[in-house]
Amino acid sequence: MKIVKTLVVIFVLLLPVIIFGNPTYVELNDLAIIRGVGVSCGKETNLYLKEIIPTKGETGITYQYEYYQGAGKDVSKALEKINLKTKKKLYLSKVKFLVTDCTKSNHIMNDFELKHIKVYHVQDDVLKELKKIKL
């Protein structure tokens, strides 16, 4: 009798997961793992995101990169535009570096909640410099 009660309790606890699934679960193929962020300040704020795509080959794992671009009044508006364009969910927890031509980058790091990353202040084209960095 005790076993039946235990099974019923387990079933009742698992029933919502069975019915609704895990809402936070996202397939790895549906994630855009962002390795680098570029921000260009000017009349409009241009945001560039560098996605890292690991591919397994005969010689081991190689990395390919895809770039997303959005422009807006500020960084959050540019990020919204990128989110609307892409079918993947942006995963920003693995960001390793920020490339910017802005005079101050503290607000950018606060917007993305970035900590302990390398910050590159450049004078040239931000996208070109973002493509050069391989981390």
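Residues numbered from 1 in each chain as written. Predicted model: local features only at pLDDT ≥ 70, side-chain atom pairs only at ≥ 80, totals over all residues. Heavy atoms only, no water.

Caption draft 1: Geometry of the overall build of the chain. Tallying secondary structure elements over the chain gives four helices and six strands in all. For the chain, the C-alpha atoms occupy an extent of roughly 75 × 40 × 30 Å along the three principal directions. In the structure as shown, the chain presents an accessible area of about 9,800 Å², 57% of it carried by carbon and sulfur atoms. (Helix = DSSP H or I, 4+ residues; strand = E, 2+ residues; numbered from the N terminus. Areas by Shrake-Rupley, 256 points an atom, 1.4 Å probe, with all protein chains shown as cover.)

Caption draft 2: Summary view of the side chain of Glu-129. Along the chain, Glu-129 falls in helix H4 (residues 126-132). If sequence neighbours within four positions are ignored, Glu-129 has contacts with Val-99, Val-122 and Asp-124. (Contact = heavy atoms within 4.5 Å.)

Caption draft 3: The arrangement of the pairing of strand E2 (residues 45-57) in detail. As paired strands, strand E1 (residues 31-40) and E2 are joined by six bridges and run antiparallel to one another. Paired with Ile-34 across the bridge in E2 is Glu-51. Across 13 bridges, E2 lies against strand E3 (residues 60-72) in antiparallel orientation. If you follow Ile-53 over to E3, its bridge partner there is Gln-64. In this antiparallel pair of consecutive strands, E2 and E3, the connection spans two residues. (Pairing = 2+ DSSP bridges.)

Caption draft 4: Geometry of the pattern of salt bridges. All chains considered together, the criterion is met by two salt bridges. The partner of Lys-88 in a salt bridge is Glu-51, and the shortest N-O contact between them spans 3.0 Å. Highlighted residues: Lys-88 in the loop between helix H2 (75-85) and strand E4 (89-91) and Glu-51 in strand E2, separated in sequence by 37 residues. Given the relative accessible area of 2%, Glu-51 is considered buried. (Salt bridge = Lys/Arg side-chain N within 4 Å of Asp/Glu carboxyl O. Buried < 20%, exposed > 50% of the residue type's maximum accessible area, 1.4 Å probe, protein only.)

Caption draft 5: Region of the structure containing the packing of aromatic side chains. Taken as a whole, this structure holds one aromatic pair when the rule is applied. Here Phe-97 and Tyr-120 contribute two aromatic rings whose centre-to-centre distance is 6.3 Å and whose plane-to-plane angle is 75°, an arrangement assigned as edge-to-face. In this pair, Phe-97 sits in strand E5 (residues 97-100) while Tyr-120 sits in strand E6 (residues 118-121), placing the two residues 23 residues apart along the sequence. Its relative accessible area of 29% is what places Tyr-120 among the partly exposed residues. Sitting over the ring of Tyr-65, Lys-50 keeps its end group 4.4 Å from the ring centre. Between the NZ or CZ atom of Lys-131 and the centre of the ring of Tyr-67, over which it lies, the distance is 5.3 Å. (Phe/Tyr/Trp six-rings, centres within 6.5 Å; stacked < 30°, edge-to-face > 60°. Lys NZ or Arg CZ within 6 Å of the ring centre and 35° of its normal.)

Caption draft 6: Examining the environment of Ala-71 more closely. With respect to the helices and strands, Ala-71 occurs in strand E3. Separated by 39 residues in the primary sequence, Ala-71 and Asn-110 place their C-alpha atoms 18 Å from one another. Once you skip the residues sitting within four places of it in the chain, Ala-71 turns out to touch Glu-44, Thr-45, Asn-46, Ala-78 and Lys-81.

Caption draft 7: Region of the structure containing unusual backbone geometry. Look at His-116: it is not a glycine, yet its phi comes out positive at around 60°. Checked against the element boundaries, His-116 lands in the loop between helix H3 (106-112) and E6.

Caption draft 8: Region of interest: the state of the cysteines. All chains considered together, the criterion is met by one disulfide. Each sulfur in the disulfide pair Cys-41 and Cys-102 lies 1.7 Å from the other. Here the disulfide of Cys-41 and Cys-102 is right-handed, its torsion about the S-S bond being about 80°. Here Cys-102 lies in the loop between E5 and H3 and Cys-41 lies in the loop between E1 and E2, a separation of 61 residues in the sequence. (Disulfide = S-S within 2.5 Å.)

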